[in-house]
Amino acid sequence: MPEDIRVLIVDDDFHVAKLHAAYVDSVAGFLALPPAGSTSQALQAIHSLRPDLVLLDVYLPDASGLDLLHQLDVDTMILSAAADAVSLRLAFRRGALAYLLKPFTAESLSQQLRSYARYRRILAQPGNVTQDTVERAKRALIPGDVMASAKPRSATEAAVLESLAPGEQYSAAEVATRVGVSRATAQRYLSALADDGAVDIQLRYGSTGRPEHRYGLAAGAAG
């Protein structure tokens, strides 16, 4: 199983940071690291913890998060109440992958993180990228704007997609049983469908406390 995407939250409000950490931990494949409350703490944490993704506030006690942004060599999204166009343009100019305005819901952040996971999976494929890959990766970062792949679906991929009933979630093993393929095959096709935005991945904790990935149709997806 792939390692969790490690997320550093940078926010000077301890309660907000704790809430956002809970949001992150509720998303399949993501792990919240101990939050940082200032730009100096953020730099130390990035150096020592090596996060995969930083969720960065603009308003911090020792400097602007936007000033910190252009110093970072790590994927970063802005989570802030800064609602002016200047901050937004500056954030994107300095490399932010997304900009989420506070206050937001757990589902809004969950959608953004799942989009980021799709973006990473698309760019993790071996070999050089094509222009189609570039466009798919760009679209993947925008929740709800991921277009289905133009390539025709194989019979197995179509069967996996059709096995998912709207509003329901399934494990890879359950999908494998419904389709009549191995669990590994079902997992492979479910991951590909997630890359195309047709399938969403959720996380569910069982009685043993071990998380399980659950798969369901994305909003607007059809079999």
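A few points on the structure. Since this is a predicted model, take the numbers as computed values, not measurements. Position numbers for residues count from 1 along each chain, tracking the sequence in the order it is written. Two thresholds apply to this predicted model, a pLDDT of at least 70 for residue-level local features and 80 or more for giving and counting side-chain atom pairs, whereas whole-chain, interface and lining totals are computed over all residues. To obtain the side-chain values, all non-hydrogen atoms of the structure were included, while hydrogens and water were left out.

Moving on to the overall build of the chain. Helix and strand definitions here come from DSSP, where helices need a minimum of 4 consecutive H or I residues and strands a minimum of 2 consecutive E residues; each element is numbered from the N-terminal end. Each helix and strand in the chain was counted, giving 9 helices and 7 strands. Throughout, a contact is declared for two residues whenever any of their heavy atoms are within 4.5 Å. Summarising the internal contacts of the chain: among those between residues at least 6 apart in sequence, 55% fall at separations of at least 24.

Attention shifts here to the packing of helix α5 (residues 106–123) against helix α9 (residues 183–195). Helix axes use the C-alpha atoms of the stretch in contact, all axes being lines fitted to C-alpha atoms, and the angles between their N-to-C directions lie in the range 0 to 180 degrees. Interaxial distance between α5 and α9 falls to 9 Å at its minimum, and their mutual angle equals 110°. Comparing the axis directions of α5 and α9 gives the class roughly perpendicular. Crossing angle aside, the handedness with which α5 passes α9 is left-handed. Facing Arg118, Arg121 and Ile122 of α5, the residues of α9 in contact are Ser191, Ala194 and Asp195. Relative orientations are named as follows: roughly parallel for angles under 35 degrees, roughly antiparallel for angles over 145 degrees, roughly perpendicular for angles from 65 to 115 degrees, and oblique for any other angle. Should the near helix be turned counterclockwise from the far one by less than a right angle, the crossing is left-handed, whereas a clockwise turn marks it as right-handed.

On to the pairing of strand β5 (residues 98–101). Think of it this way: DSSP has to see at least two bridges between two strands before they count as a pair. In this structure, strand β4 (residues 75–80) lies alongside β5, joined through 4 bridges in parallel fashion. Residue pairing for β5: Leu79 is matched across the bridge by Leu100. Looking down the strands as they point away from the viewer, one classifies a crossover as right-handed if the path from the first strand across the helix to the second runs clockwise. On the question of chirality, the crossover connecting β4 to the parallel β5 by way of helix α4 (residues 85–93) is right-handed.

Exposure above 30% relative accessible area and no salt bridge define the residues that can form patches, which grow by joining like charges within 9 Å and nonpolar side chains of Val, Leu, Ile, Met, Phe, Trp and Tyr within 5 Å. Note on areas: Shrake-Rupley, 1.4 Å probe, and residue coverage restricted to the protein chains presented here. Throughout this description, the term salt bridge denotes a Lys or Arg side-chain nitrogen within 4 Å of a carboxyl oxygen of Asp or Glu. Taken together, the side chains of Leu123, Val129 and Val134 define a hydrophobic patch exposed on the protein surface, amounting to about 220 Å² of accessible area. Along the polypeptide, Leu123 turns up in helix α5. On the basis of relative accessible area, Leu123 is assigned to the partly exposed category, the value being 39%. We call a residue buried when its accessible area falls under 20% of the maximum for its residue type, exposed when it is over 50%, and partly exposed in between, using a 1.4 Å probe and counting protein chains only.

Turning our eyes to something else, we now look at the sheet that holds β4. Strand pairing in a sheet takes place through backbone hydrogen bonds and is either antiparallel or parallel in direction. On the basis of which strands lie adjacent, the open sheet formed by 5 strands has the order β2-β1-β3-β4-β5 and parallel pairing. Each edge of the open sheet carries a strand with a single partner, namely β2 (30–32) and β5. Neighbour to neighbour, the strand axes of the sheet diverge by 25° on average, direction disregarded. In the packing of helix α2 (residues 39–49) onto the sheet, the strands contacted are β1 (5–10) and β3 (53–56), and the crossing angle to β1 comes to about 165°. Against the sheet, α5 touches β1, β2, β3, β4 and β5, its axis set at about 165° to β4.

This paragraph deals with the environment of Leu100. Assignment of secondary structure puts Leu100 in strand β5. Placed 12 residues apart in sequence, Leu100 and Leu88 show a C-alpha to C-alpha distance of 9.9 Å. Among all residues touching Leu100, those that are not within four sequence positions of it are Ile78, Leu79, Ser80, Ser108 and Leu109.

Attention now goes to the pattern of salt bridges. The full count for this structure, using the stated rule, is 8 salt bridges. Linking Arg114 and Glu107 is a salt bridge whose minimum nitrogen-to-oxygen distance equals 3.2 Å. For Arg114, a relative accessible area of 8% puts it in the buried group. For Glu107, a relative accessible area of 38% translates into the label partly exposed. Residues joined by salt bridges that share partners form a network here, namely Glu107, Arg114, Arg118 and Asp200.

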